[in-house]
Structure formats: C-alpha cells, structure tokens
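# Analysis of the macromolecular model
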Amino acid sequence: MKNKGSRRSPFAAVLVMAAGLALTGGGYAAATAAVEQVKPASAVASAAQVEEGRKLFLANCASCHGKAAEGSAAGPSLIGVGAASVDFQVGTGRMPGQASGPQLQAKKVQFTQEQIDSLAAYVASLAPGPAVPTEEMLAADGDATRGGELFRINCAMCHNAVGAGGALTEGKFAPSLTGVESKHIYEAMVTGPQNMPVFNDANLTPEDKKDIITYLKYVEENPSAGGYELANLGPVVEGLFAWVFVLGLIIAITIWLGAKSN
Amino acid sequence: MTDKSVKHEKAAARQVAALFFTSIVGSAFAVYAYFAFPITEELGTVRLNTLLLGLGITLGLLGIGIGAVHWAKTLMPDAEVSEERHIARGSEEVRARAVEIIKLADSESGFSRRKLIRRSLYGALALFPLPAIMIFGDLGPNPGDTLRHTMWKKGTRLAKDPSGLPIKASDVTIGSVFHVIPEGLSELEHHKLEEKAKAAVLLVRLDPADIKESEERKSWSYDGIVAYSKICTHVGCPVALYEQHTHHLLCPCHQSTFDVTDACKVVFGPASRPLPQLPITVDAEGYLIAQSDFTEPVGPSFWER
Ligand code: FES
C-alpha cells in the first residue's frame, strides 16, 4: 500500500498494450468491410449509350488517355482493353486516377453504374476486348475445393492463401480480395489491371474462374476453423501477437510473484 | 497485514480456497465440455470443443498455481532467512583415503603393470564407435545426380498446373503468366511431389522487343515466350509473384527479385544466381515443348556447386 502513489500498477502497461492492439485490429476490420455495392451491368450497348459514353470519356478521361482513347504519355491506349477493363477500373474507383503513387488504389466510385456502362460501351466499340461477365458466370455455386487449389497455384503467392492481400516490390501491393465483388474479381483476372498478370480463358477457363470466385466467397463466409484469424496475415502477425501477449503475461506474472502482498 | 489482523487473515484464506475451488470448477468443466460439445463433421465444432476444453484446463491449472502463490504471499511468514553454504572441499582425511583407494585399485588390477591388457582396452575403446559411424552412413543413399536433373526432357510438353493439360503457344497472350508442370507429372506413381518441386516452371510472354537475350539463349524462347524455373536460387521457395509491368519476379520468402526481361538475373535480395531458364520451342501441333532439361541444377546452391 505504501508505494502505491510512487509507482504505476504493474498491469498498466499490459492494459495499454491490449487496448492499442484491440483498437488497431478493430479499425482494420472496419476498413476492409467498407465496400461499395454496385448493380451488375447490362450487356446490351445501344448507339445512344456509346455516344453517351463518348461524351463522358471526353469530359473525364481524354486528358490522359487521348481524345480517341489512343493513349498519351500520361495514360495508356484503351483501344482493345474491352468493357471488362473499364468496368473494373472505374467500378472500383481506381479510375479516374487522382494521386500518383506506386499504384492506383480502390477508392470511392465516381460514376453511377449507368455511366460506367456507357463508358464501357464506348471503349468496347473501339475494338473488341474482354466483355463484362454475365451473372451466370459469377454465381458462387462452383466447386470451392477445386477453386481453392487453382487459387493457391495461380493467385495465392500475391493475394495470400485466403485472399487477404500482400506486399509486392517498391510499395506496390496485391490488394485484399475480401468483400470485393465477384464481377470485379472476374474482370481483374481477364484484364490483368496494373501489375497483375492476365489470366485468359485458355489459362483459367470461365469454369476455373467461377470456382475461384466460389472459393473466395466460401472463405469469406465461413469462420476459420483455427480460431481468431488475426487478419489472416500469417506468421509475422501471429508471432508478434504471441511475443507481445505471452511475453507481457510472463512479465506481469513475474512482477506479481516478486511483489510484496499488501 | 494478515499476521496483524484476524479479519485479513480470514479473508486471505477464503481467497486461496476460492482459487483452488475455481480450479476444481475448471477441471470439472473441461470434462463436461469434452462430452457436451463433441467434435462432429462440422468444422465449427472443432473450434468450440478446443476452445472450451482449453478454457477448462487453463482454469484448472491456473487456479492451483495462483492459489498456491497467493497462499505463500499472504499467509506464510515473510521473515527473511539466510542459509550458510558448506564447504565443498573434502577433509584431508577423506582426500588421503581416496588417493589410497585409487592406488590400491591400480595395484590390484595391475592396470599400470599389465601393458597388454591396457593397450587392448585402448584399442577396444577406440573402435567401439565405428559401427555407429557406419550406421550413420546408412542415412543415405547419396542423392547422386538427382539434384542436377529434373523431369524435363527433349520434347516434353509444357502443361498447366494442376490439370496437366498441354499449353499451346497461341494460348499465352502478352501479360499472362502460366504455372507449368511437365506433361505426365500427374501420372507418376512415385515421387510426384519431389519431381514437381524440381520441375515447376513459370511461363510468361513478353514483347520480344523488351527481352535482352544473349546470343546462345536466342533460341531458348519462342516468340517472346520464356520459361524459367520457379524454384528460388536462394533457399528454394516458389518464386511466382510476377509483376506484369515491371517484369519483375519476386520471391515471397526473402524478397529476392529477378528480372524476367534480362535472363532472370537477380536485381535485389539474397539470391546469388539467376533463375535457370528452360529452353522451349513448339511442336508440329503448336504445343509448347522443352528443348532439353535445364542446363544447370535448379534451386538453391549445394555442395559441389
Ligand atoms: S528463398 Fe527466395 S529469397 Fe529466400
């Protein structure tokens, strides 16, 4: 009792550490959960839609991609990239790009799905390219086991075994796939945005892609059998957790053992 | 405090007993949980079962431990006591006697006198570890030249992992990456994983204008399609993080980075050798085939390399 005023309780440090970890963990979970919902695109492109898209393009995209989407020093040519590419880039908010950096990141979507469809129709009218996938190609009713195997061989090295994302070189990273719409996952596979390679239909057939999406949705919806996942980031996070908590606990117990009882 | 007030002493005794009782409850709960929450086909039950069982056992052990410490700290006297250490050296008498015994043993056994016995004993002692060394030798067999060869042979088709379907050159569009195994790997009866671990290949198509090729390797690629071993030359992780724009291949283990446009030379990280290239071409039907095995051992460095 005597020294109560002169010294903090030995548990204070442990408490502060626990609170800090809980806060950052909660913040991370909240951030990954915030993903926009967008309605699926319709496949039919009318001349009016293409014209509408052209206008939108001239107003919003042409400064980098050129008046006829032929590309410039500031942005690549969009001839032949297909509707899927536009739907992915604009539909996830990556385009129009705003800040320069190692890579363009998903942000708030700036157009309505209708406008995105028009833009996509315009770009698709320039030259043939991958189309926006249909609902049926996206239904998560494939084979999750097979999808898991394909995912581990083709995708997991960058996106992590359960799609939690991971680091690449020089500040680039493979984003987390949790909460990403099936449509955008599919489009990313066929178009290979930024540094992601392309997985064309000869490499991963539409059925393979469907299985991969099924697997990702399965992982998202089912709890991990191994207890709390720690964001699924693997041994570094798990090791840190063990060191901080177990070591903290051991220190706390040691202090308690040596302390005089009051 | 507890030695000064009866009230405090009673309270402390109750606390210790309560801790021991917690332990009893925990252990009983663990037994109960084992039966009440069995593991079934459903994955979630494994989690529940281990969680509750673990909590019960934790309480059971912690209750005893914390109770015992609390008991010692509150109810046992805390006066400080010092214990003298006794001297480790034996008394003169004991020491003299020990020397006497050794001398007696020597004279009675004749260890110093009987040369033949002594030397043969030395011989026996020197030889007895030999069988152990021989048995260690049996840990082999030596890998022989298996580290220098893979399943790839002249004419082996490049196939998709895991389906084993052969790949046409026209399937490989610019910017795409294929994870490749030798055709026939899936049909192997033995050592399938060992073979896969050596033969795995990454296939990429580049713009031919982007590739820097040495004279001798000009014929190893096909129309911009190049194939490199996927096994890191550092310590053997699968190198498969391909960045389409920078053409860098990154190893996830220790961040070695290889430049696909420049013979997969190391541009960063601890690996010391480029990834071995698989010479490829196409057959009459347009399928990609190997021209030969790798021309150097794949994977990490080893002795004699
Ligand atoms: S194993 Fe590839 S960098 Fe270490």
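All values reported here derive from a predicted model rather than from experimental measurement.

Another point: the overall build of chain B. When helices and strands are tallied, chain B shows six helices and 10 strands. The C-alpha extent of chain B, read off along each of the three principal axes, is 95 × 75 × 40 Å. Considering only intrachain contacts with a sequence separation of at least 6, the fraction spanning at least 24 residues in chain B is 56%. When the accessible area of chain B is evaluated, it comes to approximately 19300 Å², of which 63% is carbon and sulfur surface. Side-chain charges in chain B split into 33 positive and 36 negative, and the spacing between the mean points of these groups amounts to 8 Å.

Another aspect to go through is empty space enclosed by the protein. The probe, sized like a water molecule, is rolled over the atoms to show the empty space still left. Residue and element names in this part refer to chain B. Following the criterion strictly, the structure yields one cavity of 30 Å³ or more and no others. Here the largest cavity is characterised by a volume of approximately 50 Å³. Lining the largest cavity, in full, are Ile 211, Lys 212, Glu 213, Ser 214, Arg 217, Val 226, Tyr 228, Val 260, Thr 261, Ala 263 and Gln 277. Here the residues of the lining of the largest cavity sort into five nonpolar, three polar and three charged.

Turning our eyes to something else, we now look at the pattern of salt bridges. All told, the structure shown has 17 salt bridges over all chains when counted by the stated rule. Taking the shortest distance from any N to any O, the salt bridge between Lys 172 of chain A and Glu 243 of chain B comes out at 3.4 Å. Highlighted residues: Lys 172 of chain A in the loop between strand 1 (166-167) and strand 2 (173-174) and Glu 243 of chain B in strand 5 (residues 241-243), drawn from two different chains. Lys 172 of chain A sits in the buried class, given a relative accessible area of 8%. One network of salt bridges, in which partners are shared, links Arg 146, Asp 208 and Asp 211 of chain A.

With that out of the way, let us pick up helix 7 (residues 144-154) of chain A. Looking at helix 7 of chain A, one finds that the buried residues are Gly 147, Gly 148, Leu 150, Phe 151, Ile 153 and Asn 154 of chain A. For helix 7 of chain A, the secondary structure elements touched by its buried residues are helix 8 (156-159) and helix 10 (206-221) of chain A together with strand 2 (177-182) of chain B. Capping of helix 7 of chain A at its N-terminal end is provided by Asp 143 of chain A; its side-chain oxygen lies 3.0 Å from the backbone amide nitrogen of Thr 145 of chain A.

It is worth spelling out the packing of aromatic side chains at this point. Here the distance between the centres and the angle between the planes together describe a pair of aromatic rings. On inspection of all chains with the given rule, the structure shows seven aromatic pairs over all chains. When the ring of Phe 20 of chain B is compared with that of Trp 71 of chain B, the centres are 6.4 Å apart and the planes differ by 80°; the resulting orientation is edge-to-face. Of the two residues, Phe 20 of chain B is situated in helix 1 (residues 6-36) and Trp 71 of chain B in helix 2 (residues 43-75); the sequence distance between them amounts to 51 residues. Judged by its relative accessible area of 40%, Trp 71 of chain B falls in the partly exposed class. An aromatic cluster is defined as three or more aromatic residues linked by ring pairs; in this entry it consists of Phe 29, Tyr 32 and Phe 37 of chain B. Between the NZ or CZ atom of Lys 209 of chain A and the centre of the ring of Tyr 186 of chain A, over which it lies, the distance is 5.7 Å.

Conventions used here
Residues numbered from 1 in each chain as written. Chains lettered and ligands numbered in written order. Predicted model: local features only at pLDDT ≥ 70, side-chain atom pairs only at ≥ 80, totals over all residues. Heavy atoms only, no water. Helix = DSSP H or I, 4+ residues; strand = E, 2+ residues; numbered from the N terminus. Contact = heavy atoms within 4.5 Å. Areas by Shrake-Rupley, 256 points an atom, 1.4 Å probe, with all protein chains shown as cover. Lys, Arg positive; Asp, Glu negative; His and termini not counted. Charge placed at Lys NZ, Arg CZ, Asp CG, Glu CD. 1 Å grid on protein atoms, 1.4 Å probe; cavity = no way out; pocket = protein on both sides within 12 Å on 5 of 7 lines; lining within 4 Å. Points joined across faces, edges and corners; volume = space filled by probe spheres on them. Nonpolar A, V, L, I, M, F, W, Y, C, P; charged D, E, K, R; others polar. Salt bridge = Lys/Arg side-chain N within 4 Å of Asp/Glu carboxyl O. Buried < 20%, exposed > 50% of the residue type's maximum accessible area, 1.4 Å probe, protein only. Polar contact = N/O pair within 3.5 Å; in protein donor to acceptor, adjacent residues only side chain to side chain. Phe/Tyr/Trp six-rings, centres within 6.5 Å; stacked < 30°, edge-to-face > 60°. Lys NZ or Arg CZ within 6 Å of the ring centre and 35° of its normal.

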